[in-house]
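In case you want the letters, here they are:
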Amino acid sequence: MNKKLNMKHLTPYEEGFNERLKDPKFRAIWEAEAPHRAAVSAIIGARIKYKLTQQQLAERAGLRQPNLARIESGSISPSLSTLGKIAGGLDKKLEVRFV
């Protein structure tokens, strides 16, 4: 985690999570999933910013609402093609960068 946490105010969940991050296998999986979490966060954030429901964004992107819900919940990983459709539904372009 990049942020320093104030250890005095952690919830039991955060304490347990921080403990799990000490496990190298768990940390590797967590870090490997970071791009997926970032994509999901960007989709949800943009949808909320533009005051769109899942149904509205799905229609604009040519997707089914249940599929968008699965993407937003993290239960499925969208392909680049699907991310492009979602970007189009937001009147945006998909940009992929290596940093």
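Note: the structure precedes this text.
This one's a predicted model, so the numbers in the text were calculated from it and none came from an experiment. (Residues numbered from 1 in each chain as written. Predicted model: local features only at pLDDT ≥ 70, side-chain atom pairs only at ≥ 80, totals over all residues. Heavy atoms only, no water.)

Participant: Describe in detail the pattern of salt bridges, supporting the description with residues and values.
Facilitator: With the rule as written, the count across this model stands at 5 salt bridges. The partner of glutamate 19 in a salt bridge is lysine 22, with the nearest N and O atoms 3.3 Å apart. Look at lysine 22 and you get exposed, because its relative accessible area is 61%. Glutamate 95 is paired through a salt bridge with arginine 97; the nearest N and O atoms lie 2.8 Å apart. Residue classification places arginine 97 among the exposed residues on the basis of a relative accessible area of 63%. (Salt bridge = Lys/Arg side-chain N within 4 Å of Asp/Glu carboxyl O. Buried < 20%, exposed > 50% of the residue type's maximum accessible area, 1.4 Å probe, protein only.)

Participant: Quick one: what's the story with helix H5 (residues 65-73), residue by residue and with numbers?
Facilitator: Those residues of H5 that fall on the buried side of the exposure criterion are Leu68, Ile71 and Glu72. Projected down its long axis, H5 shows its buried positions confined to an angular sector of 95°, all on one face. The inward-facing, buried residues of H5 contact helix H3 (34-49), helix H4 (54-61) and helix H6 (80-89). Where H5 ends, the next residue or the one after it, glycine 74, has phi of about 85°, a positive value. (Helix = DSSP H or I, 4+ residues; strand = E, 2+ residues; numbered from the N terminus. Arc of directions from axis to C-beta. Contact = heavy atoms within 4.5 Å.)

Participant: Report on the packing of H4 against H6, specifying residues and quantitative values.
Facilitator: Look at H4 against H6: their axes get within 7 Å of each other, and the N-to-C directions meet at 110°. On the basis of their axis angle, the class for H4 and H6 is roughly perpendicular. Side by side, H4 and H6 meet where Leu57, Arg60 and Ala61 of the first sit next to Lys85, Ile86 and Gly89 of the second. Of the residues belonging to the contact of H4 with H6, the class tally is 3 nonpolar, 1 polar and 2 charged. (Axes fitted to C-alpha atoms, helices over the stretch in contact; angles between N-to-C directions. Parallel < 35°, antiparallel > 145°, perpendicular 65-115°, else oblique. Nonpolar A, V, L, I, M, F, W, Y, C, P; charged D, E, K, R; others polar.)

Participant: With reference to specific residues and values, describe the side chain of glutamine 54.
Facilitator: Within the secondary structure, glutamine 54 is located in helix H4. At a separation of 2.7 Å, a polar atom in the side chain of glutamine 54 contacts the side chain of glutamate 72. Not counting residues up to four positions away in its chain, the partners in contact with glutamine 54 are Arg47, Gln65, Leu68, Ala69 and Glu72. (Polar contact = N/O pair within 3.5 Å; in protein donor to acceptor, adjacent residues only side chain to side chain.)

Participant: Break down the layout of surface pockets for me, with residues and values.
Facilitator: Quantified by volume, the largest pocket comes out at close to 550 Å³. Contributing to the lining of the largest pocket are 19 residues, with Ala39, Ala42, Leu83, Leu94 and Glu95 lying nearest its centre. Among the secondary structure elements, those contributing two or more residues to the lining of the largest pocket are H3 and H6. Residue contributions to the lining of the largest pocket peak at 6 residues, all from H3. For the lining of the largest pocket, a count of residues per class yields 15 nonpolar, no polar and 4 charged. (1 Å grid on protein atoms, 1.4 Å probe; cavity = no way out; pocket = protein on both sides within 12 Å on 5 of 7 lines; lining within 4 Å. Points joined across faces, edges and corners; volume = space filled by probe spheres on them.)

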